[in-house]
Amino acid sequence: MSTTLPKKRIALFGSTGSIGRQALEVINNNPGLFSVEVLTGQSNDELLIKQAQHFKPDVVVIGDEKKYGKVKDALSALPIKVFAGEKALEETAAMDNYDMMLAAIVGFAGLRPTLQAIENGKAVALANKETLVVAGDIVMQKALENRAPVIPVDSEHSAIFQCLIGERNRIEKIILTASGGPFLGKKPNFLVNVKRDHALQHPNWNMGAKITIDSATLMNKGLEMIEAKWLFNLQPEQVQVVIHPQSIIHSMIQFEDGSIKAQMGLPDMKLPIQYALGFPLRIANSFPRYDFKKPNTLTFEDPDTRTFRNLALATEALFKGGNTPCVLNAANEIAVFAFLRNRIGFLDMTDLIERTMQHVPFIAKPTLEEYFESDGEARNFAASLIKL
Ligand code: NAD
Ligand code: MG
């Protein structure tokens, strides 16, 4: 590959997380292609400091304002600007010191900085699916207006994106694959007793806590259906989910002639991260390759939405649209947070989300302000359902 290309300047929002750390591995392996200009983390000050000392970005943001002094002091010998707090994330996203944001903050908190990057006309490598679940119509419209490319990092959406290259033909449907998570095949009488530590053991992927729980409940696939609708401009009925426990096929497109294109590889998030950062180039690497003999059987089955009702709720939100996906997402964030603290059981998460969806009034075409209000209302109501 030519080394004469200017380096792509990356702003890594959520650098201390699972996606963030893997992105820094990719960047570290390709120093001629990328530079790191922004690093942000919410509370892990020690890791953020280490990352900053190694990558020497222009700006570091620590979310937790109490940790500002420690981060500032630790980096005082380096020419690095240090900021703290939520507002600083947005202000940094509005800066001109980067070419591409990797949006790797988890949850609703990622929405404002990502929107800011888009309004700033920057390319966004999007891991933070909640941004599109909450306000996909506004985010994609603004991306169009500001000519800001949105490149998916989520492995399923990266697969669809890769399958679309070179195609001008209509999509009949997309088929999102799901591993099924650690409780594939289990029934409610088992799930009722599941505890956080068991739910945090994912068979194929090593991810942050929230998405790992979302994978165990299948909410993750529901969020991904909504994410796909916005990314690829689809109708709800064009999005199908199939359980594929080996996670080798990362997703597929079926065209109008019945032909199906799939993207395959070993389950390793560094691949879609690297693809999004390097797009449109594929970057050579020495990651392990898929050997067709291991696993040599790829299997597929329908999801059990009677047991994993979160997927049914998310499908309902996908079809209903308006502020419903935003409400679903907010209630889910509260539910997962409470489950991770052993405050509610595994199946209680679904009840909490369902009751919140029934409670918050429907808005067919919300403004950004109304999305924020719906999010707040849903969070308050969901939290009020958790017994103190
Ligand atoms: P994580 O919990 O490991 O990391 C989250 C990052 O966000 C951390 O850097 C954390 O400091 C930061 N953060 C948390 N709360 C914040 C807040 N309120 N304000 C600002 N920053 C905050 O999560 P992850 O697994 O890396 O996932 C990140 C995003 O990528 C999620 O939206 C997830 O759905 C998506 N994603 C992750 C994977 C994966 O393999 N981990 C795969 C596909 C998509
Ligand atoms: Mg995914």
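Residues numbered from 1 in each chain as written. Chains lettered and ligands numbered in written order. Predicted model: local features only at pLDDT ≥ 70, side-chain atom pairs only at ≥ 80, totals over all residues. Heavy atoms only, no water.

A. Highlighting the overall build of the protein chain. When its secondary structure is counted, the protein chain shows 16 helices and 11 strands. For 388 residues, the compact-globule estimate of 2.2 N^0.38 gives 21 Å, and the protein chain sits close to it at 20 Å. Its C-alpha atoms give the protein chain principal-axis dimensions of roughly 55 × 50 × 40 Å. When the 388 residues of the protein chain are sorted by exposure, 56% land in the buried category. Within the protein chain, contacts between residues separated by at least 24 positions form 69% of all contacts whose residues are at least 6 apart in sequence. Carbon and sulfur atoms form 52% of the exposed surface of the protein chain, whose accessible area is close to 17,400 Å². On the protein chain, the mean spot of the 42 positive side-chain charges and the mean spot of the 43 negative ones are 4 Å from each other. (Helix = DSSP H or I, 4+ residues; strand = E, 2+ residues; numbered from the N terminus. Rg over C-alpha atoms; globule rule 2.2 N^0.38 Å. Buried < 20%, exposed > 50% of the residue type's maximum accessible area, 1.4 Å probe, protein only. Contact = heavy atoms within 4.5 Å. Areas by Shrake-Rupley, 256 points an atom, 1.4 Å probe, with all protein chains shown as cover. Lys, Arg positive; Asp, Glu negative; His and termini not counted. Charge placed at Lys NZ, Arg CZ, Asp CG, Glu CD.)

B. Quick peek at the nonpolar core. Ranked by size, the top nonpolar core spans 121 residues in total, and within it Ile174, Leu328 and Phe346 carry the most contacts. Among the elements that line this core, the one with the most residues is helix H14 (residues 324-340), at 11 residues. With residues near it in sequence (within four places) discarded, leucine 328 still touches Met219, Leu223, Ile226, Leu313, Ala314, Ala317, Ile353 and Met357. (Core = buried A, V, L, I, M, F, W, Y, C linked by side-chain atoms within 4.5 Å.)

C. The arrangement of the packing of aromatic side chains in detail. Scanning the model with the defined rule gives 8 aromatic pairs in all. For the pair phenylalanine 108 and phenylalanine 372, a centre-to-centre distance of 5.1 Å together with 75 degrees between the ring planes defines the contact as edge-to-face. Taken together, the residues span a long stretch of sequence, with phenylalanine 108 in the loop between strand E5 (100-103) and helix H5 (111-119) and phenylalanine 372 in helix H16 (residues 368-384) at a distance of 264 residues. Grouping residues by exposure puts phenylalanine 108 and phenylalanine 372 together as buried. Aromatic pair phenylalanine 183 and phenylalanine 190: ring centres 6.0 Å apart, planes at 55 degrees, arrangement tilted. Taken together, the aromatic side chains of Phe183, Phe190, Phe339 and Phe346 make up a single cluster linked through ring pairs. Positioned above the aromatic ring of phenylalanine 190, the side-chain terminus of lysine 186 is 4.7 Å from the ring centre. (Phe/Tyr/Trp six-rings, centres within 6.5 Å; stacked < 30°, edge-to-face > 60°. Lys NZ or Arg CZ within 6 Å of the ring centre and 35° of its normal.)

D. View of the coordination of the magnesium ion (ligand 2). The protein atoms that coordinate the magnesium ion (ligand 2) are Asp154 (OD), Glu156 (OE) and Glu224 (OE), at distances spanning 2.1 to 2.2 Å. Mapped onto the sequence, the donors of the magnesium ion (ligand 2) take the spacing D-x1-E-x67-E. Linking aspartate 154 in the loop between strand E7 (150-152) and helix H7 (155-164) with glutamate 224 in helix H11 (residues 219-232), this pair joins segments that are 70 residues apart in sequence. (Donors = N, O, S within 2.8 Å, 3.2 Å for Na, K, Ca; no water.)

E. Up close: the site of ligand 1. Looking at ligand 1, there are 22 residues lining it, with Thr16, Ser18, Ile19, Gln42 and Glu130 nearest. Here an oxygen atom of ligand 1 and a backbone polar atom of valine 106 are 3.4 Å apart. In this structure, an oxygen atom belonging to ligand 1 sits 3.4 Å away from a main-chain N or O atom of alanine 127. In isolation ligand 1 has 820 Å² of accessible area, and contact with the protein removes 85% of it. Among the residues making up the shell around ligand 1, the classes are represented as 10 nonpolar, 9 polar and 3 charged. (Near = heavy atom within 4 Å. Polar contact = N/O pair within 3.5 Å; in protein donor to acceptor, adjacent residues only side chain to side chain. Nonpolar A, V, L, I, M, F, W, Y, C, P; charged D, E, K, R; others polar.)

F. Region of interest: the pairing of strand E6 (residues 123-126). By the alternation rule, side chains of E6 split into Ala123 and Ala125 and Val124 and Leu126, which are all buried. Here 4 bridges tie E5 to E6, and the two strands are oriented parallel to one another. Counterpart to alanine 103 in the pairing with E6 is leucine 126. Handedness of the β-α-β unit built from E5, H5 and E6 comes out right-handed. For the handedness criterion, the β-α-β arrangement of E6, helix H6 (residues 130-145) and E7 is classed as right-handed. (Pairing = 2+ DSSP bridges. Right-handed = clockwise from strand over helix to strand, strands pointing away.)

G. Up close: the pairing of strand E10 (residues 249-255). Burial within E10 is extensive, with 7 of its 7 residues counted as buried. Relative to E10, strand E8 (residues 171-178) is paired through 4 bridges, and the arrangement is antiparallel. Each residue of the ladder has a partner; that of isoleucine 175, found in E10, is methionine 252. As paired strands, E10 and strand E11 (residues 260-264) are joined by 5 bridges and run antiparallel to one another. Paired with serine 251 across the bridge in E11 is glutamine 263. Hairpin remark: E10 followed by E11, antiparallel, with 4 residues in the connecting loop; positive phi at glycine 258, about 90 degrees.

H. Layout of the side chain of threonine 177. Inspection of the secondary structure assignment puts threonine 177 in strand E8. The exposure class assigned to threonine 177 is buried, which follows from its relative accessible area of 5%. Only 2.8 Å separates the side chain of threonine 177 from the backbone oxygen of isoleucine 249, close enough to count as a polar contact.

I. View of the pattern of salt bridges. According to the stated counting rule, one finds 26 salt bridges in the structure shown. Of the charged contacts in the structure, one is a salt bridge between aspartate 197 and arginine 196, with a shortest N-O distance of 2.9 Å. Judged by its relative accessible area of 48%, aspartate 197 falls in the partly exposed class. Through salt bridges with shared partners, one network takes in Lys129, Asp154, Glu156, Lys221 and Glu224. (Salt bridge = Lys/Arg side-chain N within 4 Å of Asp/Glu carboxyl O.)

J. A look at the sheet that holds E6. An order of E4-E3-E2-E1-E5-E6-E7 is seen for the 7 strands of this open sheet, with the pairing classed as parallel. Of all the strands in the sheet, just strand E4 (81-84) and E7 have a single pairing partner and so form its edges. Pairs of neighbouring strands in the sheet enclose a mean axial angle of 20 degrees, with direction left out of account. Where E6 and E7 come together, 3 bridges link them in parallel fashion. If you follow valine 124 over to E7, its bridge partner there is valine 150. (Axes fitted to C-alpha atoms, helices over the stretch in contact; angles between N-to-C directions.)

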